[in-house]
Amino acid sequence: MLVCAARLLHFAALRVSSLRDPLRRTVRDTVQRGLRTMDPSAVSEGSMGTADSELDPNLATSTTPAGILPEGDANGPVDSVEGTDQDTNTALLPGETVVREGRAAILFPNANEVFYNPVQEFNRDLTCAVITEFAREQLSLKGVKVAVPGEQERVVVCLAEEPAQEQVEERVKEVQIANVGERCEGGLRVLEGLAASGLRSVRFALEVPGLRSVTANDCSARAAVLIGRNAKHNGVSHLMQASQRDASMLMYEARGRKDRYDVIDLDPYGSPAPFVDGAVQAVSEGGLLCVTCTDMAVMAGNCGETCYNKYGSVSIKAKYCHEMALRIILHSLDQRAGVYQRYIEPLLSISVDFYIRVFVRVFTGQAKAKNSASKQALVYNCVGCGSFNLQRMGKRISQGKNMKYTAATGPPVGPSCEHCGQRHQLGGPIWAEPIHNVQFVQKVLSAVSGNPSRFGTSRRIEGMLSMVTEELEDVPLYYTLDNLSSTVHCNTPSLLQFRSALLHAGHRVSLSHACKNALKTDAPGGVIWDIMRCWEKKHPVKREKLSETSPAFRILSTEPSVQACFDVRDDANPQSRRRQLVRFQENPHANWGPKARAKAGGGNSELEDRRKQQQNKRKKPDRDAAQLKSFPCKRFRKGTCPRGDECCYSHEPEEAEKDGEKME
């Protein structure tokens, strides 16, 4: 009897438990919708999305009205990616459109609730190309081969005896193929800290092979919902996860070695400074950190004190400000990494349009982290002629297997500039080591040029990376040809003539991707101004009009110690310029620059209307014509007013005389 009773009680308990399970699942699903981490497959389709991060654009971006989906784009239809099935049944909410970029089709609200800037398509395309090559390098160490759509396999010629058929089959079995849109065990874990609508993360999932997971995070609840809908719409829910967390807290919680991400992408609206500390800790050993800065007004010298607060470096308003901005963010990243005995190795650093973008790898090592001080430098910039000198923060001396560290000696300049006698500005510290890894950049360039149909901005990527490979690695900052000519008030020599003069003098010279008229050279400032003195002798200026205290007078008063030769050399014209590659594109359309920050509820997204409202806001408003008639016409009193009765001011003599008496 007791046994039977026990069985009956057990059966009843199981029955009650089975009835409770659906209720528990319903409650759990309801609670999870309010949790910070969200499952894209469970996201409600009736929610709206929002965010305040930036996305980008350039050539192949198109917008489709709600309810109308194009069948394909220049890169092929989205649902043609292997391993993914685009969910075209995702319902569009009122006012939504579908924006197609690359292989992604993203749902966007018409209002300015989600930040989107099509000009930054170049940024996203380049990031996909860099992460693909990074994945190729990392997974090749694990015996995994990445397969990129449209990329031809590299033919390897072997002169040895042909291997047996069994050996060939064994090798084929050993090599694992990683395709785009498929989850790769042992692949890269990617985090986009500020994802907005998730466009960048969706493109990673659809276009970058060898990924294990992609986490698209945004602190906005509406943005997280939209990310989930976009993941489902593009058929990448198996690979992409939406997250609603504070980006810094999310990265701080991933500091453990097993929890770190292989790739972290930070593309905030403005400065990435609040997220740098968490990023350098949450990236894995040798992982890739991608950072964008759009606060160029701060980094280019307009607000040096704000730049110091954010990045620990004082910016200078100089002609080389764009490259200096790159070196400031690299200094900030290395400084924060050094706190945790880590250090960075830049792979690619570019200044483009209205923002800068850096790709760095982060490593751990107490010994190498000590080299950080000797990698930073202060900048002495002359306010008169623009000459600059660098002062290293530290000094290291190799003594066999050991390294000795000492304090740097300086300064490298006197109280005033040796060329023009003006004072110096002090800026920095900045990163003084190479800002590119040329070998890695050449791999990315080879992959992009070999598969031009992969990205909409392939031509511009090819031109930009070609210039990067031509830059002098060990020469920080640059001069600009127009500024050199403006300083001495003379005609501007051609770029090839000035480059040839430097080459004839035995110095190296290159262009810079950061500025169209830039000259990077290892020639000292004295040689630069000697060449300008020689040029001025051929194209003299009017010395009598120069002030004796002006930089031009001081520079031209000194005889050149180097006789420059301006005969054009063949090697003065770099390959990127000969091939007429797309290096510095024109503005694609009006108001193409930085966009307004996204706001909850949308707000006014018409920048042109807002700019018209803000025009002349610091000037006094114009008076009505009726009010102007009460003021006398000054030209009429002098007898020189040509307007007559059409003049908006008063021509009555009596009022003019009364007004004159008041003035007396």
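As a reminder, the structure under discussion sits directly above these lines.
Predicted, not measured: the structure shown is a model, and the values here were computed from it.

This part takes up the overall build of the protein chain. Scanning the protein chain for helices and strands turns up 23 helices and 21 strands. When each of the 664 residues of the protein chain is scored for burial, the buried share is 50%. Pairs at least 24 apart in sequence give 73% of the contacts found in the protein chain among residues at least 6 apart.

For the rest of this paragraph, the subject is the sheet that holds strand β15 (residues 388-392). Taken in spatial order, the 3 strands make up an open sheet running β15-β14-β18, and their pairing is antiparallel. Sheet topology places β15 and β18 (424-431) at the edges, where each strand pairs with a single neighbour. Across the sheet, the mean angle from the axis of one strand to that of its neighbour is 25°, orientation sign disregarded. As paired elements, strand β14 (residues 376-382) and β15 share 5 bridges and run antiparallel to each other. Note on β15: the bridge partner recorded for Asn381 is Phe388. Against the sheet, helix α10 (residues 321-339) engages β14 and β18, with an angle of about 55° to β18.

In this section: the sheet that holds strand β21 (residues 515-521). With antiparallel pairing, 3 strands are arranged side by side in an open sheet as β19-β21-β20. Because the sheet does not close on itself, it has two edges, and the strands there are β19 (479-480) and β20 (509-512). Across 2 bridges, β19 lies against β21 in antiparallel orientation. Along β21, the bridge assignment pairs Thr480 with Ala518. Where helix α16 (residues 495-504) meets the sheet, its contacts fall on β20 and β21, and the angle it forms with β20 comes to roughly 145°.

Summed over the entire model, instances satisfying the criterion amount to 2 cavities of 30 Å³ or more. Of the pockets and cavities examined, the largest cavity occupies roughly 70 Å³. Residue lining of the largest cavity: Glu323, Arg327, Pro434, Ile435, His436, Val438, Val468, Glu471, Leu472, Glu473 and Lys520, and that is the complete set. Of the voids in this model, the second largest cavity is the one considered here, and its volume is about 30 Å³. Contributing to the lining of the second largest cavity are Ala129, Glu133, Val444, Ala447, Val448, Arg454 and Phe455. When contributions to the lining of the second largest cavity are tallied by element, the ones reaching two or more residues are α2 (121-140) and α13 (438-450). For the lining of the second largest cavity, the leading source of residues is α13, giving 3 residues. Grouping the constituent residues of the lining of the second largest cavity by class yields 5 nonpolar, no polar and 2 charged.

What follows is about helix α17 (residues 525-538). For α17, with 14 residues, the first-to-last C-alpha span of 21 Å sits near the 20 Å given by 1.5 Å per residue. Counting buried positions along α17 yields 11 of 14 residues, so the element is predominantly enclosed. Here α17 has its buried residues at Gly525, Val527, Ile528, Trp529, Asp530, Ile531, Met532, Arg533, Cys534, Trp535 and Glu536. Where α17 is buried, its residues contact β19, α15 (481-488), α16, β21 and α18 (551-556).

We now examine the nonpolar core. In this structure, Ile264, Leu289, Leu333 and Phe498 are the most contacted members of the largest nonpolar core, which totals 82 residues. Ranked by the residues each element gives to this core, the list is headed by α10, at 8 residues. If near-sequence neighbours (up to four positions away) are discounted, Ile264 is found in contact with Leu191, Met251, Ala279, Ala282, Val283, Leu288, Leu289 and Cys290.

Here we take up the packing of α2 against α13. Taken N-terminus to C-terminus, the directions of α2 and α13 make an angle of 110°; their axes are 10 Å apart at the nearest point. In terms of orientation, α2 lies roughly perpendicular with respect to α13. Relative to α13, α2 is oriented so that their crossing is right-handed. In contact with Ala129, Val130, Glu133, Phe134 and Glu137 of α2, α13 contributes Phe440, Lys443, Val444, Ala447 and Val448. Here the contact of α2 with α13 is composed, by residue class, of 7 nonpolar, no polar and 3 charged.

Counted according to the given criterion, the structure contains 5 aromatic pairs. Between Phe354 and Tyr355, the aromatic rings sit 5.3 Å apart at their centres with planes inclined by 70°, giving edge-to-face as the arrangement. Here the two residues Phe354 and Tyr355 agree in accessibility, since each one is buried. Considering the side-chain rings of Trp535 and Phe566, the 5.2 Å spacing of their centres and the 65° angle between planes classify their relative orientation as edge-to-face. Of this pair, Trp535 sits in helix α17 while Phe566 sits in the loop between α18 and α19 (575-578); the two residues are 31 residues apart in sequence, bridging distant segments of the chain. Look at Trp535 and you get buried, because its relative accessible area is 6%. Judged by relative accessible area, which is 6%, Phe566 ranks as buried. Among the aromatic side chains, those forming a connected cluster through ring pairs are Tyr320, Phe388 and Tyr479. Directly above the ring of Tyr261 sits Arg189, whose terminal nitrogen or CZ lies 4.5 Å from the centroid. The residue whose ring lies beneath Arg460 is Phe122, and the NZ or CZ to ring-centre distance is 4.8 Å.

Rules and cut-offs
- All residue numbers refer to positions counted from 1 along the written sequence of the respective chain.
- With pLDDT at 70 or above as the cut-off, local features in this predicted model cover only qualifying residues; side-chain atom pairs require 80 or more to be listed or tallied, and sums for whole chains, interfaces and linings still use all residues.
- Calculated side-chain values reflect all of the structure's heavy atoms, with hydrogen atoms and water omitted.
- Only runs of H or I of at least four residues qualify as helices and only runs of E of at least two qualify as strands under DSSP, and these elements are numbered from the N terminus.
- Any residue under 20% of the maximum accessible area for its type is buried, any over 50% is exposed, and the rest in between are partly exposed; the area is computed with a 1.4 Å probe on protein chains only.
- Residue contacts are defined here by distance: any two heavy atoms, one from each residue, within 4.5 Å place the two residues in contact.
- Whether two strands pair comes down to DSSP finding at least two bridges between them.
- Axis lines are fitted to C-alpha atoms, over the contacting stretch for helices. Their N-to-C directions set the angle, which ranges from 0 to 180 degrees.
- Using protein atoms alone on a 1 Å grid, points that fit a 1.4 Å probe yet trap it form a cavity, whereas open point sets bounded by protein on both sides within 12 Å along at least five of seven lines form a pocket; residues with an atom within 4 Å of a point count as lining.
- Grid points are joined across faces, edges and corners, and a volume is the space filled by probe spheres set on the points.
- As a working rule, the residues Ala, Val, Leu, Ile, Met, Phe, Trp, Tyr, Cys and Pro are called nonpolar, Asp, Glu, Lys and Arg charged, and the rest polar, with Gly in that last group.
- The span one expects for a helix is its residue count, reduced by one, times 1.5 Å.
- We define the nonpolar core as a collection of buried residues of types Ala, Val, Leu, Ile, Met, Phe, Trp, Tyr and Cys that are connected through side-chain atoms lying within 4.5 Å of one another.
- Put simply, angles under 35 degrees are roughly parallel, angles over 145 are roughly antiparallel, angles from 65 to 115 are roughly perpendicular, and the rest are oblique.
- The handedness criterion is simple: a crossing whose near helix is rotated anticlockwise from the far helix by less than a right angle is left-handed, and one whose near helix is rotated clockwise is right-handed.
- Two rings belonging to Phe, Tyr or Trp (six-membered ring only in the last case) form a pair when the distance between their centres is within 6.5 Å. Interplanar angles under 30 degrees mark stacking, angles over 60 mark edge-to-face geometry, and anything in between is tilted.
- For a ring to carry a charge above it, either NZ of a lysine or CZ of an arginine must fall within 6 Å of the ring centroid while also lying within 35 degrees of the normal to the ring plane.

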